[in-house]
Amino acid sequence: MTLQQLQFPENFWWGSAWSAEQAEGRGETGKAETVWERWYKEQPTRFYQRIGSEVTTDHIHRYHEDVQLMKQTGHNSFRVSISWARMFPNDGVGEVNPKAVAFYRDLFTEMNQNGVKVFANLYHFDMPAKLQGQGGWESRDVVAAYVHFADTCFKEFGDLVYHWFTFNEPLGPILGSYLEDFHYPNVIDFKRGAQAAFFTILAHAQAIAAHKKYGLESKIGVILNLSPTFPRSQNPADVKAAEIADLFYTRSFLDPMVKGTFPEKLTDLLRTYDQLPADMTEADLQIIKENTSQILGLNYYEPRRVKARLTAINPEGPFLPDWFFEHHVMPGRKMNEYRGWEIYEKGIYDLCMDIKNNYGNIEAFISENGMGVADEERFMDENGQVIDTYRIDFIKDHLAYLWKAINEGCNIKGYHLWTFIDCWSWINAYKNRYGLVSLDLATQKRTIKKSGEFYKNLSDNNGFEYETDWLV
Ligand code: BGP
């Protein structure tokens, strides 16, 4: 083993990310009901320990303190999401809410004053419930309402935001709402999901077109959750299974949102099974072609391992991507057992190389990567600090591969961890903690973890010392 200093490019973005629904809390500004609040009201038992998003990390009341904590943990950039429901408390449409504008302007101003660049995302799973009732992303009217919201944000905050993002993980709500039953309104219907996906992509393109009108210095792009796909073996059936899984989960959004076109193999396959969206015009395709991402955020958590199906599908059951493959559990894989996700550090390198080789080496950054751990109180010392060496190792091991990717020419501008202060994780609520800063749920007290101290050093030094026998 040798010790090697891994140095990152100048002005590298060090920071983290979270979202409005997961961190802000409802507050008193006025806010429309979101799909999460609606679902919680209807089925509270589907949320871990029956905790909903009413309070979460109470950022709305504590943002002054939180900006100081960003500074203390080495942030030079931070991704928030702007709540559509807060900006338009009249069910996502109508007049803009001056109290919401004041809140975000104050927060962004304070971040800038403290040397923290504002990365603003416009949609992180938080549809106003009433609009969901009108069809959500299956509706052109909802797309229009979203574009109006986006346009309003460019106008109100354009002077304060460094980079914009139209969506975080647009695939998530499609899987959750239409295929896998983990997002409201819990429908299982691929064709409706395909329509919602298509209109999400259209909304992305139209928001980019709106951003261009303002002539801002900021760039605008999207945050995608991407996993490199690995076949179990080189057997042609395994390879084909991996290729199809990759089309569904990776190329489906990446191609139209970055290249402006849909992968032909995927559209052919969907046509064969009569699953193409019903409402899709030439004019829509043109807008998508002309308004592609200028910057790309990569959320990387785990690889995708796939094998050929071992069992026959039931053709009378609902059409699903896994008609074409099965997930492969690789023997000996390294796991984050709390979240059930494989840890495969080299995947971050593979992902960056894919973007370099197949997507014109578009300007990109790691927009999420992180490790959720349950019962972190176990690791508290006598002063109440969480000594999370496992998280420090997780970050270092991923950064080493990111460093390698950058040295091989990948256009990677930063690394954002999930997350800053422990926040609410959808149906998992506060089960797994991801933060650099721990949260006492009862008192809302924030305490910097060992990883938060490490992160400050990392950012101050723009690199770290790594014990390695494989990097050169
Ligand atoms: C990403 C989401 C985040 C965050 C993270 C951790 O997919 O963009 O919102 O939640 O995953 O996952 P989880 O909260 O499900 O543990």
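Residues numbered from 1 in each chain as written. Predicted model: local features only at pLDDT ≥ 70, side-chain atom pairs only at ≥ 80, totals over all residues. Heavy atoms only, no water.

Undergrad: Any chance you could explain the sheet that holds strand E7 (residues 229–231) here in plain terms?
TA: Hydrogen bonds between backbone atoms are what pair the strands of a sheet, whose relative direction is either parallel or antiparallel. The strand order E7-E9-E10 describes an open sheet built from three strands, whose pairing is mixed. Lying at the two open borders of the sheet, with one neighbouring strand each, are E7 and strand E10 (326–327). As defined by bridge partners, E7 adjoins strand E9 (residues 304–307) across three bridges and the pair is classed as parallel. Across the sheet, residue Thr 229 finds its bridge partner in E9, namely Arg 304. (Pairing = 2+ DSSP bridges. Helix = DSSP H or I, 4+ residues; strand = E, 2+ residues; numbered from the N terminus.)

Undergrad: So what exactly am I meant to see when it comes to the pattern of salt bridges here?
TA: A side chain with one charge can pair with a side chain of the opposite charge if their charged atoms come near. Applying the stated criterion across every chain yields a total of 35 salt bridges. Residue Lys 265 pairs with Glu 243 through a salt bridge whose shortest N-O separation is 2.7 Å. Of this pair, Lys 265 sits in helix H11 (residues 264–272) while Glu 243 is found in helix H10 (residues 236–259), placing the two residues 22 residues apart along the sequence. With relative accessibility at 53%, the residue Lys 265 sits in the exposed group. The exposure class assigned to Glu 243 is partly exposed, which follows from its relative accessible area of 35%. (Salt bridge = Lys/Arg side-chain N within 4 Å of Asp/Glu carboxyl O. Buried < 20%, exposed > 50% of the residue type's maximum accessible area, 1.4 Å probe, protein only.)

Undergrad: How should the site of the ligand be read in this particular structure?
TA: Taken together, Gln 22, His 124, Asn 168, Glu 169, Tyr 301, Arg 339, Trp 341, Glu 368, Trp 418, Ser 425, Trp 426 and Tyr 434 form the complete shell of residues around the ligand. In this structure, an oxygen atom belonging to the ligand sits 3.0 Å away from a side-chain N or O atom of Glu 368. One nitrogen or oxygen atom from the side chain of Ser 425 is found 2.6 Å from an oxygen atom belonging to the ligand. Taking 370 Å² as the accessible area of the ligand by itself, protein coverage stands at 92%. In the shell around the ligand, the residues fall into five nonpolar, four polar and three charged. (Near = heavy atom within 4 Å. Polar contact = N/O pair within 3.5 Å; in protein donor to acceptor, adjacent residues only side chain to side chain. Areas by Shrake-Rupley, 256 points an atom, 1.4 Å probe, with all protein chains shown as cover. Nonpolar A, V, L, I, M, F, W, Y, C, P; charged D, E, K, R; others polar.)

Undergrad: Got a minute to help me understand the packing of helix H3 (residues 59–72) against helix H5 (residues 98–113) in this structure?
TA: The geometry of a pair of packed helices is captured by two quantities: the angle between their axes and the separation between those axes. Where H3 contacts H5, the two axes come as close as 10 Å, and the packing angle between them is 10°. It follows from the interaxial angle that H3 and H5 lie roughly parallel. Residues His 59, Ile 60, Tyr 63, His 64, Val 67 and Met 70 of H3 pack against Phe 103, Asp 106, Leu 107, Glu 110 and Met 111 of H5. Partitioned by chemical class, the residues of the contact of H3 with H5 number seven nonpolar, two polar and two charged. (Axes fitted to C-alpha atoms, helices over the stretch in contact; angles between N-to-C directions. Parallel < 35°, antiparallel > 145°, perpendicular 65-115°, else oblique. Contact = heavy atoms within 4.5 Å.)

Undergrad: It is not clear to me how the nonpolar core should be interpreted in this structure. Could you clarify?
TA: Within soluble globular proteins, side chains that are nonpolar generally end up buried alongside one another. Ranked by internal contacts, the top residues of the largest apolar core, which has 144 residues, are Trp 84, Phe 108 and Tyr 146. Here this core takes 13 residues from helix H9 (residues 190–213), the largest share from any one element. What Phe 108 contacts, discounting residues up to four positions off in sequence, is Val 80, Ile 82, Val 118, Phe 157, Leu 160 and Val 161. (Core = buried A, V, L, I, M, F, W, Y, C linked by side-chain atoms within 4.5 Å.)

Undergrad: What should I look at first to understand H10 in this one?
TA: Along an α-helix, a turn takes 3.6 residues, which lines up residues three or four apart on a common side. Compared with an ideal rise of 1.5 Å per residue, which puts 24 residues at 34 Å, H10 spans 28 Å between its outermost C-alpha atoms and falls more than 12% short. When the local axis directions of H10 are compared, the greatest deviation, roughly 55°, occurs at Arg 251. Extensive coverage of H10 is indicated by the burial of 18 of its 24 residues. Near the N-terminus of H10, the side chain that reaches the backbone nitrogen of Ala 237, with its oxygen 2.8 Å away, is that of Asn 235. Once H10 finishes, Gly 260 follows within two positions and takes phi at roughly 85°, a positive value. (Expected span 1.5 Å × (residues − 1). Bend = angle between axes of the 7 residues up to and from the residue.)

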